[in-house]
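Residue-level structure breakdown
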Amino acid sequence: MTPPRWAAVARATGLLAEDGTPRPTIFAEMSALAARTGAVNLGQGFPDVDGPASVARVAADAIAAGANQYPPGPGIPALRAAIAAHQERHYGLTPDPDTEVLVTAGATEALAATVLALVGPGDEVLTIEPYYDAYAAVIALAGATHTTVPLRATPHGFRLDTAALAAAFTDRTRIVLVNTPHNPTGAVLTRDELGAVARLATEHDAIVVTDEVYEHLTLVGPDGTRPPHVPVATLPGMAERTLTISSAGKTFSFTGWKIGWVSGPAPLVDAVRTVKQFLTYVNGAPLQPAVAFALSDEGVAAWVDELAASLSRRRDLLCAGLTAAGFDVVVPQGTYFVCADARGLGYDDGAALCRDLPRLAGVVAVPVSAFTRAGSSADDALRSWLRFTFVKRDEVLAAALDGLARLA
């Protein structure tokens, strides 16, 4: 008997216990542990303050004005136009807002609809490892095979192993799913690294799907500059074989709104739309005008720049505290997260330390093994690593640092 698809998803995400019953995610376990112990929760990556008040007001005004029924299936025209204008203003890309832009229920739905639309049994989806846990789930839902290429911890941050990348491609590679800036490592892939992806995808006639939800949250480096975010679609010859996914949640600190989008060639977007309409159908009617405003307003753009600067400062505080506590830290170039190796603290198992950390330091993190496949080279290399978020208020980080200092 063919196993139920939920079981395939549970196996792919490590959520099937040995007795065959589902178990909670490590994120749910750690959040419950934080609530039970009163520990500072640096495990889940969501801001503890809202985004710009001007954007929230547009949403409130839209509710009051009656924008509360189903919006158009592809998204309201104003939002699709704002997304297209954003892509042109920042990257020189010119998607047609009517045929090459689709609004989704967050980036996660965009990813799910894309994978379900474009692959099936016998196809392979290649992702960078570690990876956002939803990738494994949607690949399993599609019945496709999940293959990976590792990021390696180096003195210059986590970097893509391009030799392993070439070896990971096969004639069955249908999609290459690239996340940059990268969760959980905070790596911002370079033009050369992305060029290797583009070259191999072209050679193997694969589609590139990019998860760019942290596109505006690159962080200040030692030289005082922020590394550039390079969309794969801007590389020569790649616009016609790339679907670009992003969302409003991370950029504007409204993670609960779940307004995302996918843009790219009309035939690929049509395929994604065909699946998406049978998932959520539509969502967020009064939130869509607010996101259109946020993407277009100069004051909101300045707010996002200030957020990136603030995150850079908070990253430095947390990295210094983790280093002083005895962790080996790789300083992230973007996102909300920093990864730290606990081997110097005597822990070879990051999950074990996560379960001990509330008692030892009054802090909750998540193990990087939550983002790897059991038995892979990345899983072996990162078994002792933890992920912490720094997208919290200063006083929250200060309390966490006080606790982490006890580890030293």
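Residues numbered from 1 in each chain as written. Predicted model: local features only at pLDDT ≥ 70, side-chain atom pairs only at ≥ 80, totals over all residues. Heavy atoms only, no water.

1. Overview of the overall build of the protein
Formally: Segments assigned H or I by DSSP are reported as helices when at least four residues long, segments assigned E as strands when at least two residues long, and all are numbered from the N terminus. Within these notes, the globule rule equals 2.2 Å times the number of residues to the 0.38 power, and the radius of gyration is based on C-alpha atoms. When a residue's accessible area, from a 1.4 Å probe over protein chains only, is under 20% of the maximum for its type it is buried; when over 50% it is exposed; and in between it is partly exposed. Residue contacts follow a heavy-atom distance rule, with two residues in contact if any of their heavy atoms lie within 4.5 Å. Areas reported as accessible are Shrake-Rupley estimates using a 1.4 Å probe. Residue values count occlusion only from the protein chains shown. We count Lys and Arg on the positive side and Asp and Glu on the negative side, and we leave His and both chain ends out. For this purpose, a charge sits on NZ of Lys, CZ of Arg, CG of Asp or CD of Glu.
Tallying secondary structure elements over the protein gives 15 helices and 14 strands in all. For 408 residues, the compact-globule estimate of 2.2 N^0.38 gives 22 Å, and the protein sits close to it at 21 Å. Expressed along its principal axes, the backbone C-alpha trace of the protein runs to roughly 55 × 50 × 45 Å. Put simply, the protein has 408 residues, and 56% of those count as buried. Sequence separation of at least 24 residues holds for 73% of the intrachain contacts in the protein that already meet a minimum separation of 6. When the accessible area of the protein is evaluated, it comes to approximately 16,200 Å², of which 56% is carbon and sulfur surface. On the protein, the mean spot of the 31 positive side-chain charges and the mean spot of the 42 negative ones are 4 Å from each other.

2. Some words on the layout of surface pockets
To be explicit about the condition: Grid spacing is 1 Å over the protein atoms alone, the probe is 1.4 Å, and a cavity is where that probe fits but cannot get out, while a pocket is an open set with protein on both sides within 12 Å along at least five of seven lines and lining residues have an atom within 4 Å of a point. Grid points are joined across faces, edges and corners, and a volume is the space filled by probe spheres set on the points. Charged residues are taken to be Asp, Glu, Lys and Arg, nonpolar residues to be Ala, Val, Leu, Ile, Met, Phe, Trp, Tyr, Cys and Pro, and polar residues to be all remaining types, Gly included. Just so you know, the domain bounds were taken from an automatic or database domain assignment.
Its boundaries defined by the atoms lining it, the second largest pocket holds a volume of some 570 Å³. Lining the second largest pocket are 26 residues, and of these G45, T108, Y132, Y214 and K250 sit closest to its centre. Looking at the lining of the second largest pocket, the elements that each hand over two or more residues are α5 (106-118), α6 (133-142) and α9 (249-252). Among the elements that take part in the lining of the second largest pocket, α5 stands out by supplying four residues, more than any other. Classifying every residue of the lining of the second largest pocket by side-chain character gives 11 nonpolar, 10 polar and five charged. Looking at the lining of the second largest pocket, you find at least three residues from each of domain 1 (5-50 + 301-405) and domain 2 (54-297).

3. As for the domain arrangement of the protein
To be explicit about the condition: Take a side-chain nitrogen of Lys or Arg and a carboxyl oxygen of Asp or Glu: if they are within 4 Å of each other, that pair is a salt bridge.
Assigned domains within the protein: domain 1 (5-50 + 301-405) and domain 2 (54-297). Here domain 1 and domain 2 have C-alpha centroids that lie 23 Å from each other. On the side of domain 2, 43 residues touch domain 1, which itself brings 41 residues to the contact. Linking domain 1 with domain 2 are one salt bridge.

4. Brief notes about the side chain of D379
With respect to the helices, strands and loops of the structure, D379 is situated in helix α14 (residues 377-381). Discounting residues that sit within four places of it in the chain, D379 has contacts with E129, S369, T372, R373 and A374.

5. Section: the nonpolar core
Quick reminder of the rule: Here, nonpolar core means buried Ala, Val, Leu, Ile, Met, Phe, Trp, Tyr and Cys residues that are tied together by side-chain atoms lying within 4.5 Å of each other.
In this structure, L322, F327, L386 and F388 are the most contacted members of the largest nonpolar core, which totals 70 residues. When residues of this core are assigned to their parent elements, the largest contribution, seven residues, is made by α5. The two domains that each donate at least three residues to this core are domain 1 (5-50 + 301-405) and domain 2 (54-297). In this structure F388 touches L42, L318, L322, F327, Y336, F337, V338, A340, L357, V363 and A365, once residues within four positions along its chain are discounted. L151, L160, V176 and V230 belong to the second largest nonpolar core, which has 30 residues in total.

6. What to know about unusual backbone geometry
Following E129, the chain continues into P130 via a peptide bond in cis, with omega recorded as 5°. Examined against the element boundaries, P130 turns out to sit in the loop between β3 (124-129) and α6. Across the junction of T180 and P181, the peptide omega takes the value -10°, indicating a cis bond. Among the structural elements, P181 can be located in the loop between β6 (173-179) and α8 (191-203).

7. Describing the environment of L322
Among the structural elements, L322 can be located in helix α12 (residues 298-325). You can call L322 buried: its relative accessible area is 0%. Linking L322 and A340, residues 18 residues apart in sequence, is a C-alpha distance of 7.5 Å. Not counting chain neighbours up to four residues away, the residues in contact with L322 comprise F327, V329, V338, A340, F388 and L404.

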